[in-house]
Amino acid sequence: MSKSIKNINSNIPKKTGEKEQVALKNNPFSIIVPLYNEVAHVQFLEESLKRIKPENLSKIELVLINTTLDKQVVNAVSDNITLSALKEQNRLKYSAVESESSVVKAISSGIEKASNEFVFVFDMNHLNSAFNLNDLFVGAKDLSKAVYMTNFQAKNKKSKSSDSPSLFLGNKEVFGYIFSTIIDSPNYKKEVVYQLKQMNVEIKKMNVSQSNPFNPNKFNLANILVNPVLNKLNWFFVVPVKEFVSKKQIPSISPKPKESSLFRLFFALVAVLSFIIMPMLAYHTGNSGDEDYWQYPQAEKIYKYYTTFGKDKSYLNEGNQELDGMKHYGMSFDTFTVFFNKIFNIEDVMESRHAMNALVGWLAMFFCALLAYRLANWRAALLTFILIFFSPRFLGHSFNNPKDIPFAMAYIFAIYYMVRFFQQFPKPTKKIMFLLALGIGLSVSVRVGGFILIAYLAVFGAMYMFYANKIKYLFSDDNVKRIKKLALYSIVISVVGYFIGVVLWPYAIDAPLSNPKKSLSEMTNFYVSLRQIYEGATIWSDKVPWYYTIKYMMITIPISVIVGALLFLGLYKKKGLDNFWAFVLLFAFGFPVFYIAFKHSNVYGGWRHAIFAYPTLVVVAGLGFDRLFHVVKKSYLKVIGVVALILFTAHPIIHVFKNHPYEYVYFNELAGGVKGAYGQYELDYYFHSLREATQWVKEDAKKDPNFAGKKVKLGAWLIPPINYYMRKDTANFQVVFVRYYERGNFDWDYAIFANTGVSPDQLKNKTWPPKNTVHSITVDGMPICAILKRTNKDDLLASQFKAKADNPSDSMNVRIDNMKQAELLYKKILIDDPNNENVLFSLTEMYMGRRSLDSANMYADLLLKVYPSYENGLNLKGWIGLQRFEITKNAAFLEDSRLAFEKIIKVNYKYVYGYYGLAQTYILLNDINKAIQVLEEALQINPGFQQAADMLNQLKNYSAQKGGM
């Protein structure tokens, strides 16, 4: 961490004995005065100088710069007695500049001519009267650490005080630097203040007990809107170039460590380019799995709530159990996109919101980098921005994750302003406190978990007071006052943040106190459970190992971030407030991640539920690399460090450029990249690839003469996003629901399946994608989505014959004939596609139904060779064994059944029929107690499983009767 971190906050409680010792009256200074084309200005200047006491006048040097070359002004200066007296004492310097409009150039020229270490910039523009300059000499002023700006207060105290940027007092070196770099315009004064703030030079008020002698500037909306932009453009793009050419550096009065302003320039370039690029990249990315069915429709209901002033409460989804939980999300970002799309009548609503999503992701990156700057320098900010931009998972989610990314942005936004708040304490500005409250409110308006930031504020406040004071002064009278002030500010910020969060969340508006509490309880006990691939097996999200999120992060975040974080831990200096800033960053990242591990939380989709904490880790990494470059002094070692950073970052950079728009499908070198993770972990779990696959189908179907004049049936398991992609092609395409493992039973021409939901067994043994795949979408050469195309519909016809064979209303001969037709077709398919698990399952089921158990067992074994952990296949295998045992009494068949059913439970603990079959096996093994135990486990998982309940009652009655005999 940078050595300067603890010095940034000039407002921390000072240790005893610290005082401002340098009085202005003991320091000669130069007054820099640009002259305008009004003679009255010279007269006002003379009257003001006359009021200076002789002992004070002897300490000043007057530097006059004529910006007009007006003869009357020249004569007024020449004829002025007071000025002539100063000239005789060699304390008056007078010159002119070439251009009338060059006030900045005039002041810069005057500063160069000044002989003293400190200067008083006195711009007489808008001066309408003389005033008493003696107040400048009253009070102690430490000009080595701060710049002073006059604050006029009328003696009657009735009128409001007013700051005048026309009068600055401070270090000559500082003002020489500023006036040589700012934009040469009449509105330069605001830029002076802006640059002082950017340099972290403290600006103090110099109180003058007089009415303001300057006419106020006229309100100019153009200046208010344009000047701030011009100031920033100048500071970030022009000044660094000027510094580089002139070899100038920021004066040492700045508490920031000296660094090349080229880092600031490069940071600005990276920020601007990414701001432009990210929405462009996002515009044509696929919809996430939740957008079309859950998020956008819910946001439209919230839109109706606001536009009807709360009358339309369809957002509650009353009577719809599936959507009931949606009301517990504020969804402020989603709702904003609805408002935006409707106001501007945007038809491509998803593309529009993806672009906006990317900008929110950019904001998260931006504040992440700004936080690094606030705690170190622009080099750290640049490094941090690069590290988070080339964090493929975060970048990829920025394109189309409207829940986790807005929450991450609000989270880092709030953390950033918490840091700003503590850096300014005990005198934080209202602006900083409001923005901190806004960050809390925005986070709550996305997820109720944003309330955690209120707790953070309390925790950080306590730790700040601990680190900012020596233990013996912690409860001193003065410090107790600061603690009370901190508590008061924190309460106000929390209340305002709560209010903002409630206003942006309909469910909270309806009951501001009770409903957020209900939502917090619901989200804490999240009941939805999803299946996913983890460590080569399929697991349920409510049964993930405690280290799930930690390991996922370790194998998916760039190695450069991990290395940077380790450098931070090893190299930062443990002194002063350094420990506090380190605590803030590490706690903001570590607490959510380790809390998830501690609570064994129900999480899925990698570490997206913890993605909000990631930016703070990247700040840690950026500071770590910055500290390394600070510690290393030799040039060749710095070069080695840069090369190492490039090498560590090369892997994610290549992935981003090579695999757009699937950046989020990323695994680092620890996992062996995407190839190493294939079949071990989820890849396209948000179904982004469906967009590209749908487009491919459109183009291929148009070229196929077999579909000319026909409506093509496109099958998929997740159809809402495909319906969106096909919204303009409904005349030519029909989207139909198809389950992958039952695909032969549905009517379709093309089918699209992402590998989410596909068995890891088949991914690893390469029996997926299936035989009739005509195109695959890949990441690093590994297929994440398969497009299937039917050349015939034998499997559909076979499934139809199979269904007819089970029709009890038909005669036995008809049913047998249908069975034979199905069998012939299925075996025909297997000749060309022996790994078709759908066909193998159907044949197993058919032969089992016909009591051809040897054939059924043969096909069950073939099925389980292709798909070893297939629960339905294992279930058939288990029941085949039970039936074979009933016929032969061969114990080996019973053992086959037991192993099959036990494997089902191991593979999927929620597959209750596995428990039922296992109980049947234990009954045949005469182990009634085991059977009872297994059935009780099944009923714990599914209390409504009536078959298990009936069997359990029978076994308990039997056991009771047996015990009583």
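**Side note on the overall build of the chain**
Tallying secondary structure elements over the chain gives 38 helices and 14 strands in all. Viewed in the frame of its principal axes, the chain has a C-alpha envelope of about 130 × 75 × 65 Å. Looking at the chain residue by residue over its 965 residues, the buried ones come to 55%. Put simply, of all contacts in the chain between residues at least 6 apart along the chain, 73% involve residues at least 24 apart. Of note, the chain has its 110 positive side-chain charges centred 8 Å away from the centre of its 80 negative side-chain charges.

**Some words on the packing of aromatic side chains**
Inspection of the entire model under this criterion finds 81 aromatic pairs. Ring centres 6.2 Å apart and planes at 35 degrees place the aromatic pair Phe394 and Tyr614 in the tilted group. Here Phe394, found in helix H14 (residues 392-400), pairs with Tyr614, found in helix H24 (residues 614-631); they are 220 residues apart in sequence, far enough to count as distant. We note that Phe394, like Tyr614, is buried. Considering the side-chain rings of Tyr411 and Tyr456, the 5.9 Å spacing of their centres and the 70 degrees angle between planes classify their relative orientation as edge-to-face. Of this pair, Tyr411 sits in helix H15 (residues 404-424) while Tyr456 is found in helix H17 (residues 452-467), placing the two residues 45 residues apart along the sequence. The exposure classification of Tyr411 matches that of Tyr456, with both residues buried.

**What to know about the pattern of salt bridges**
Across all of its chains, the model carries 35 salt bridges by this definition. One salt bridge in this structure joins Asp348 and Arg727, with 2.5 Å as the shortest N-O distance. Of this pair, Asp348 sits in the loop between helix H11 (332-343) and helix H12 (349-375) while Arg727 is found in the loop between helix H28 (720-725) and strand E11 (733-737), placing the two residues 379 residues apart along the sequence. Using a relative accessible area of 29% as the deciding quantity, one classes Arg727 as partly exposed.

**Digging into the packing of H11 against H12**
Put simply, H11 and H12 touch, their axes get as near as 10 Å, and they point 130 degrees apart. For the element pair H11 / H12, the angle class is oblique. For the crossing formed where H11 meets H12, the hand is right-handed. Each of Phe333, Asp334, Phe336, Thr337, Phe340 and Asn341 in H11 lies in contact with H12, whose residues at this interface are Val349, Ser352, Arg353, Met356, Asn357 and Val360. Looking at the contact of H11 with H12 residue by residue, the class counts come to 6 nonpolar, 4 polar and 2 charged.

**Side note on the packing of helix H22 (residues 559-571) against helix H25 (residues 635-659)**
It is at 7 Å that the axes of H22 and H25 come closest, and there the two elements cross at 140 degrees. One way to sum up the angle between H22 and H25 is to call them oblique. Here Ile559, Ser560 and Val563 of H22 come into contact with H25, specifically with Leu645, Phe648 and Thr649. Taken together, the residues that form the contact of H22 with H25 break down as 4 nonpolar, 2 polar and no charged.

**Observations concerning helix H35 (residues 891-907)**
Three or four residues apart is the spacing at which side chains of an α-helix point the same way, because the helix has 3.6 residues per turn. Relative to the 24 Å expected for 17 residues at 1.5 Å per residue, H35 spans 24 Å between its end C-alpha atoms, a close match to the ideal helical length. Those residues of H35 lying buried are Phe893, Leu894, Ser897, Ala900, Phe901, Ile904, Ile905 and Val907. The N-terminus of H35 is capped by Asn890, whose side-chain oxygen sits 2.9 Å from the backbone nitrogen of Ala892.

**Looking at the environment of Tyr740**
Mapped onto the secondary structure, Tyr740 falls in the loop between E11 and strand E12 (750-754). In this structure Tyr740 comes out as buried when scored by relative accessible area, which is 7%. When the C-alpha atoms of Tyr740 and Asn838 are compared, they prove to be 8.7 Å apart, with 98 residues separating the residues in sequence. Each residue touching Tyr740, except ones within four places of it in the same chain, is listed here: Phe753, Trp768, Pro770 and Glu837.

**Some details on the pairing of strand E1 (residues 29-35)**
Among the 7 residues in E1, 7 count as buried, and that is most of the element. Of the strand pairs in this sheet, E1 and strand E2 (residues 60-66) are connected by 7 bridges, and their pairing is parallel. Residue pairing in the sheet places Ile31 in a bridge with Leu62 of E2. One ladder, built from 4 bridges, connects E1 with strand E4 (residues 118-122); its direction is parallel. The residue bridging Ser30 from the neighbouring strand is Val119, located in E4.

**Brief notes about the confidence of the model for the chain**
Here the chain shows a mean pLDDT of 89. Residues at 70 or above account for 93%. Per-residue pLDDT stays below 50 along residues 1-23; that stretch engages in 69 contacts with residues further than four places along the chain or on separate chains.

**Looking at the side chain of Arg608**
Tracing the chain through its elements places Arg608 in the loop between helix H23 (578-599) and H24. Look at Arg608 and you get buried, because its relative accessible area is 5%. Side-chain polar atoms of Arg608 contact the side chain of Tyr686, separated by 3.3 Å. Not counting residues up to four positions away in its chain, the partners in contact with Arg608 are Asp290, His397, Asn401, Asp404, Arg447, Tyr685 and Tyr686.

**Regarding unusual backbone geometry**
Glycine aside, a negative phi is what most residues show, and trans is what most peptide bonds show. With omega at 10 degrees, the peptide bond leading from His660 into Pro661 counts as cis. Relative to the elements of secondary structure, Pro661 occurs in the loop between H25 and helix H26 (673-677). Here the residue pair Trp768 and Pro769 is connected by a cis peptide bond, since its omega of 0 degrees sits within 30 degrees of zero. Inspection of the secondary structure puts Pro769 in the loop between helix H29 (760-764) and strand E13 (773-779). Within the chain, Phe687 stands out as a residue other than glycine whose phi angle is a positive 60 degrees. In this structure, Phe687 sits in the loop between H26 and helix H27 (690-703). On the basis of relative accessible area, Phe687 is assigned to the buried category, the value being 9%.

**Quick word on a nonpolar patch on the surface**
Together, Phe266, Leu269, Val272, Leu273, Phe275, Ile276, Ile277 and Met280 give the surface a local cluster of nonpolar side chains, amounting to about 720 Å² of exposed area. Structurally, the position occupied by Leu269 is in helix H9 (residues 262-282).

**Quick notes on the sheet that holds strand E14 (residues 782-789)**
The strand order across the open sheet built from 5 strands is E11-E10-E12-E14-E13, with neighbouring strands paired in mixed fashion. Where the open sheet ends on each side, the last strands, each with one partner, are E11 and E13. The mean angle between the axes of side-by-side strands here comes to 20 degrees, regardless of whether they run parallel or antiparallel. The pairing of E12 with E14 spans 5 bridges and is classified as antiparallel. When the sheet's bridge partners are listed, Ile752 is paired in E14 with Ile787. Of the strands in this sheet, strand E10 (712-716), E11, E12, E13 and E14 are in contact with H27, which crosses E12 at around 160 degrees.

**Quick look at the pairing of E4**
Most of E4 sits out of view: 5 of its 5 residues are buried. Where burial is concerned, the two faces of E4 agree: the one with Phe118, Phe120 and Phe122 and the one with Val119 and Val121 are both buried.

**Comments concerning the environment of Tyr148**
Inspection of the secondary structure puts Tyr148 in strand E5 (residues 146-152). Remark: the alpha-carbon pair of Tyr148 and Phe120, spanning 28 residues in sequence, is separated by 9.3 Å.

**Describing the side chain of Asn317**
Along the chain, Asn317 turns up in the loop between helix H10 (291-307) and H11. Classification of Asn317 as buried rests on a relative accessible area of 6%. Engagement of the side chain of Asn317 in a polar contact is seen with the backbone oxygen of Leu323, the distance being 3.2 Å. Residues within four places of Asn317 in sequence aside, it is in contact with Gln298, Lys301, Leu323, Asp324 and Met326.

So, how was this worked out
Residues numbered from 1 in each chain as written. Predicted model: local features only at pLDDT ≥ 70, side-chain atom pairs only at ≥ 80, totals over all residues. Heavy atoms only, no water. Helix = DSSP H or I, 4+ residues; strand = E, 2+ residues; numbered from the N terminus. Buried < 20%, exposed > 50% of the residue type's maximum accessible area, 1.4 Å probe, protein only. Contact = heavy atoms within 4.5 Å. Lys, Arg positive; Asp, Glu negative; His and termini not counted. Charge placed at Lys NZ, Arg CZ, Asp CG, Glu CD. Phe/Tyr/Trp six-rings, centres within 6.5 Å; stacked < 30°, edge-to-face > 60°. Salt bridge = Lys/Arg side-chain N within 4 Å of Asp/Glu carboxyl O. Axes fitted to C-alpha atoms, helices over the stretch in contact; angles between N-to-C directions. Parallel < 35°, antiparallel > 145°, perpendicular 65-115°, else oblique. Left-handed = near helix turned anticlockwise from the far one by under 90°. Nonpolar A, V, L, I, M, F, W, Y, C, P; charged D, E, K, R; others polar. Expected span 1.5 Å × (residues − 1). Polar contact = N/O pair within 3.5 Å; in protein donor to acceptor, adjacent residues only side chain to side chain. Pairing = 2+ DSSP bridges. pLDDT = per-residue confidence, 0-100. Patch = residues over 30% accessible without salt bridge, like charges linked within 9 Å, V, L, I, M, F, W, Y side chains within 5 Å. Areas by Shrake-Rupley, 256 points an atom, 1.4 Å probe, with all protein chains shown as cover.

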